[in-house]
Amino acid sequence: MVAPGINYLLKASVRFGIPSAATYCLLDIIQRRQFLPFNLPGWALISIAVAARPMIAIASRYYAKWANKRAAEASGAVIPPYLPDSTFSIISELGENLRDGYPTDVLKRFNDQYGNVVNFDLMNTSFLLTNEPEHIKAILATQFESFVKGPLFISQMDSMFGEGVFNSDGEMWKFHRAMTRPFFTRERISDFEIYDRNWNISLKLAKDRLAEGYSIDMQDLIARFTLDSASEFLFGKNVESLSAGLPYHQEVAKKNSREFFDHPSNQFVKAFSDALLLIAKRLTMGEEWALAEFTGDRIIPLRKTVEDFVEPMMKAALEKREQDILLGKDPSEKEESNLLSHLVNHTQDPKILKDEVINLLVAGRDTTMSLLAFSVYMLSEHPDIEKRLREEIYEKVGPSEAPKYENMREMRYMKAFINDHPTQGTVHLRCTHSIYMTFIVMRFGRKSIAPVVLPATGPGEKPIYVPKDVICIYTTLNMQRRTDLWGPDALTFDPDRFLDERLQKYLVSNPYIFCPFNAGPRICLGQQFAYNEASYYLIRLLQNFTEFTLDSTSNLPPPAHWRNGEGLKATEKIFPAAHLTLFIKGGLWVRMKEIKYENSGM
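Everything numeric here is computed off the predicted structure, so don't read it as measured data. (Residues numbered from 1 in each chain as written. Predicted model: local features only at pLDDT ≥ 70, side-chain atom pairs only at ≥ 80, totals over all residues. Heavy atoms only, no water.)

Caption draft 1: Expanded view of the overall build of the protein chain. Within the protein chain, the regular secondary structure consists of 23 helices and twelve strands. Relative to the globule expectation of 25 Å for 602 residues, the C-alpha radius of gyration of the protein chain, 27 Å, shows essentially globular dimensions. Overall, the protein chain is about 105 × 65 × 50 Å in size when its C-alpha atoms are taken along their principal axes. Looking at the protein chain as a whole, 55% of its 602 residues are labelled buried. Accessible surface, the protein chain: about 26400 Å² in total, of which carbon and sulfur atoms supply 56%. Between the mean site of the 70 positive side-chain charges and the mean site of the 74 negative ones, the protein chain shows a separation of 4 Å. (Helix = DSSP H or I, 4+ residues; strand = E, 2+ residues; numbered from the N terminus. Rg over C-alpha atoms; globule rule 2.2 N^0.38 Å. Buried < 20%, exposed > 50% of the residue type's maximum accessible area, 1.4 Å probe, protein only. Areas by Shrake-Rupley, 256 points an atom, 1.4 Å probe, with all protein chains shown as cover. Lys, Arg positive; Asp, Glu negative; His and termini not counted. Charge placed at Lys NZ, Arg CZ, Asp CG, Glu CD.)

Caption draft 2: Highlighting the environment of Gly 76. Counting through the fold element by element, Gly 76 comes out in the loop between α2 (42-74) and α3 (87-100). Among the residues examined, Gly 76 registers a relative accessible area of 35% and is labelled partly exposed. On a C-alpha basis, the gap between Gly 76 and Arg 177 in space is 37 Å, while along the polypeptide they are 101 residues apart. What Gly 76 contacts, discounting residues up to four positions off in sequence, is Lys 462 and Pro 463. (Contact = heavy atoms within 4.5 Å.)

Caption draft 3: Region of interest: the side chain of Thr 475. In this fold, Thr 475 is placed in the loop between β8 (470-474) and α20 (476-479). Beyond its immediate sequence surroundings of up to four residues, Thr 475 is in contact with Leu 107, Asn 111, Leu 129, Thr 130 and Asn 131.

Caption draft 4: Representation of the sheet that holds strand β1 (residues 117-122). Spatial strand order, β1-β2-β8-β5-β3: five strands in an open sheet with mixed pairing. The sheet is open, and its two edges are formed by β1 and β3 (147-148), each paired on a single side. Across two bridges, the pairing between strand β5 (residues 446-448) and β8 is antiparallel. Bridged to Lys 447 within β8 is Ile 471. On top of the sheet, helix α5 (residues 133-142) reaches β1, β2 (125-130), β3, β5 and β8; it is set at about 120 degrees to β8, its chief contact. (Pairing = 2+ DSSP bridges. Axes fitted to C-alpha atoms, helices over the stretch in contact; angles between N-to-C directions.)

Caption draft 5: Fine view of the confidence of the model for the protein chain. Per-residue confidence for the protein chain gives a mean pLDDT of 87, with 94% of residues at or over 70. For the stretch residues 422-428, pLDDT sits under 50, and the model shows 49 contacts to residues farther than four places along the chain or on other chains. Taken together, the stretch residues 431-443 has pLDDT below 50 and engages in 80 contacts with residues farther than four places along the chain or on a different chain. (pLDDT = per-residue confidence, 0-100.)

Caption draft 6: Representation of a nonpolar patch on the surface within the structure. A contiguous nonpolar patch, built from Val 2, Ile 6, Leu 9, Leu 10, Leu 291 and Phe 294 and spanning about 490 Å² of accessible area, is present on the exposed surface. Note on placement: Leu 291 falls in the loop between α12 (264-283) and α13 (300-326). Residue Leu 291 is classed as partly exposed on the basis of its relative accessible area, which comes to 38%. (Patch = residues over 30% accessible without salt bridge, like charges linked within 9 Å, V, L, I, M, F, W, Y side chains within 5 Å. Salt bridge = Lys/Arg side-chain N within 4 Å of Asp/Glu carboxyl O.)

Caption draft 7: The arrangement of α13 in detail. The end-to-end C-alpha distance of α13, which contains 27 residues, comes to 36 Å, matching closely the 39 Å that a straight helix rising 1.5 Å per residue would cover. Listing the buried residues of α13 in full gives Leu 302, Arg 303, Val 306, Glu 307, Phe 309, Val 310, Met 313, Met 314, Ala 317, Leu 318, Arg 321 and Asp 324. On its buried face, α13 is in contact with α6 (151-161), α10 (218-235), α12, α14 (339-343) and α15 (350-381). Looking one or two residues past α13, Gly 328 carries a phi angle of roughly 85 degrees, positive in sign. (Expected span 1.5 Å × (residues − 1).)

Caption draft 8: Focus on the pairing of β1. Of all the six residues making up β1, six are buried; the element is thus mostly covered by neighbouring parts of the structure. Neither face of β1 is open: one carries Val 117, Asn 119 and Asp 121, the other Val 118, Phe 120 and Leu 122, and all of them are buried. Across six bridges, β1 lies against β2 in antiparallel orientation. Looking at β2, one finds that Asp 121 is bridged to Ser 126. Hairpin remark: β1 followed by β2, antiparallel, with two residues in the connecting loop; positive phi at Met 123, about 55 degrees.

Caption draft 9: Structural detail: helix α7 (residues 170-180). Within the span of α7, buried status applies to Trp 173, His 176, Arg 177, Met 179 and Thr 180. Along the long axis of α7, the arc covered by the buried residues comes to 165 degrees, so they all point the same way. (Arc of directions from axis to C-beta.)

Caption draft 10: Highlighting the nonpolar core. If you look at the biggest cluster of nonpolar residues, it comprises 101 residues, and the most contacted ones within it are Met 218 and Leu 541. Element by element, the count of residues in this core is highest for α15, at 15 residues. Beyond its immediate chain neighbours, meaning those up to four positions away, Leu 541 contacts Trp 199, Met 218, Val 376, Leu 379, Phe 548 and Met 592. Val 117, Val 470, Cys 472 and Phe 498 belong to the second-largest nonpolar core, a separate cluster that totals 27 residues. (Core = buried A, V, L, I, M, F, W, Y, C linked by side-chain atoms within 4.5 Å.)

Caption draft 11: Broad picture of the pattern of salt bridges. Applying the stated rule across the entire model yields 44 salt bridges. The shortest N-O distance in the salt bridge between Arg 390 and Glu 386 comes to 2.7 Å. Of this pair, Arg 390 and Glu 386 both sit in helix α16 (residues 383-396), four residues apart, roughly one helical turn. What makes Glu 386 buried here is its relative accessible area of 4%. Asp 500 is the partner of Arg 502 in a salt bridge, and the nearest nitrogen-oxygen pair spans 2.7 Å. Residue class for Arg 502 comes out buried when judged on its relative accessible area of 13%.

Caption draft 12: Inspection of the sheet that holds strand β12 (residues 589-594) at higher detail. Spatially, three strands are ordered β4-β12-β9 in an open sheet, and the strand pairing comes out antiparallel. Whereas interior strands pair on both sides, the edge strands pair on one side only; in this sheet they are β4 (216-217) and β9 (545-550). As defined by bridge partners, β9 adjoins β12 across four bridges and the pair is classed as antiparallel. Bridge pairing in β12 links Phe 545 to Glu 594.

Caption draft 13: Region of interest: the packing of aromatic side chains. What the rule picks out here adds up to 22 aromatic pairs. Centre to centre, the rings of Phe 144 and Trp 173 are 5.9 Å apart; their planes meet at 50 degrees, and the pair counts as tilted. With a gap of 29 residues between them, Phe 144 in the loop between α5 and β3 and Trp 173 in helix α7 connect regions that are remote in the sequence. The two residues Phe 144 and Trp 173 agree in class, both being buried. A centroid spacing of 5.5 Å and a plane angle of 75 degrees characterise the contact between Phe 260 and Phe 261, whose relative ring orientation is edge-to-face. Phe 260 sits in the buried class, given a relative accessible area of 8%. (Phe/Tyr/Trp six-rings, centres within 6.5 Å; stacked < 30°, edge-to-face > 60°.)

Caption draft 14: A look at the packing of α15 against α16. Remark: α15 packs on α16, axes separated minimally by 5 Å, with the N-to-C direction vectors making an angle of 110 degrees. Comparing the axis directions of α15 and α16 gives the class roughly perpendicular. Here Leu 379, Ser 380 and Glu 381 of α15 lie close against α16, whose contacting residues are Pro 383, Glu 386 and Leu 389. Here the residues of the contact of α15 with α16 sort into three nonpolar, one polar and two charged. (Parallel < 35°, antiparallel > 145°, perpendicular 65-115°, else oblique. Nonpolar A, V, L, I, M, F, W, Y, C, P; charged D, E, K, R; others polar.)

Caption draft 15: The arrangement of the side chain of Ser 535 in detail. Structurally, Ser 535 is set in helix α23 (residues 527-544). Leaving out residues up to four positions away in the same chain, Ser 535 has contacts with Met 408, Met 414 and Ile 418.

What follows is the structure, given as structure tokens:
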């Protein structure tokens, strides 16, 4: 396999070489036939030939902008302003923000300075950045057929996600979608036995660690719960990451055993997380990401570790299917106990299966882990909300009973709590779009495959013209914190906004200001699954623990320069960061008190 950087140079050499060679030959013919009154020296011929491609590129860009402006005028539309920043300064700023910046801060700056819709270029790739809900509606739904993920995005994700459902277009995406959809029925996503088994294990781990007198990395504990639950739902096999135990914080790191570090699930999680971070870096660099991995694709060995983890389960499912066929059983007629057994009845291609399994693991593990980790962060910051949630739990479920689907349907405040959160770095749904995350720096890019006219941004404004081959980025995280869309208290954490008159005033009248599960044909199939899992975990957590407090000595503090930032950025007590999903750098170290039912007073 050719290394990304070498492959990039080979393609670039063709792009540059053909115009340069053609220019040199043309000049040579002109000189030989004496069409000019003078002869150019050899060095001049070579210099002009080498400069041909850049000159063509510059001329083409100016011509394209002129042609696009005329096309926009003919459509009664306008071209949004272009950022004055250079390609290199944009890439540098995005990369720096990825390392220690507040998630999407850079894109927010672009919109704050130049408007809610702006254009910019990264080398040979054109982007349009918008946080207008009507544009998101057009991209996702009303003009869905005019947009695709596109070859750039797919190439950046390919070495990890292959041709899975999140990284494919056209017929391949339709195949994955059709193959997966039938499994997400209410009966299957309401089977809470999986959650209950894994919750009981995580509960014991939490109680034991608290009894030792140490705080708990709730992000790690929740990640193990979601991984074990996801693997059991998806593959019918629990990978038992909870059996590795919990990490100790750095002050007592020597208590972490070798068995903990060597546990297969820990190796899988590290490889998975490292790969997501590398993808996030690629996404900030446009087509030139390949130059940063010049001698080799750095994700391939990480993907191999992930494959080693999931391949035995995939092989077992394929072998079970073959056994059923040998026994005369029709695979299409037998009850499918998990998603993988469902998938192998639709395809036996190992690559397609591995790609799909890895894609679904992101949705099944990382997104809900982020949602729940930041939920616990909010519980530590808002004891009044914790109290109100517990009151609803005791009323609808009881102090110790396991929740059922019918209970959750009645828990309006719990759902409102999950839906709302204004902090830019956190993962409640209103301002973080966690459940159907694609990428946090450039969220949900879609490439136009034909010229498109997007709706006007306001009364008296003209529509927005988008040429062919432009990657349109919509930043829901920033959009969902806009005071003009959500009211003057948009940055206030207040679940009641989903219950009182503000719901009708803002959301019902403009539903695309809130789309945490995507929308249109690519809307998330697992949205109710995610709500169920998150609600189940929070109910059980609040039935058993109270008085959540951050361990200030163990949590990694945010960078000092954040204190000079605007809004909630200056008040963060943890270090939110992002790869394909949001997470907390260094973990979320929390102390909490166990509830004794007989003394709870409730």
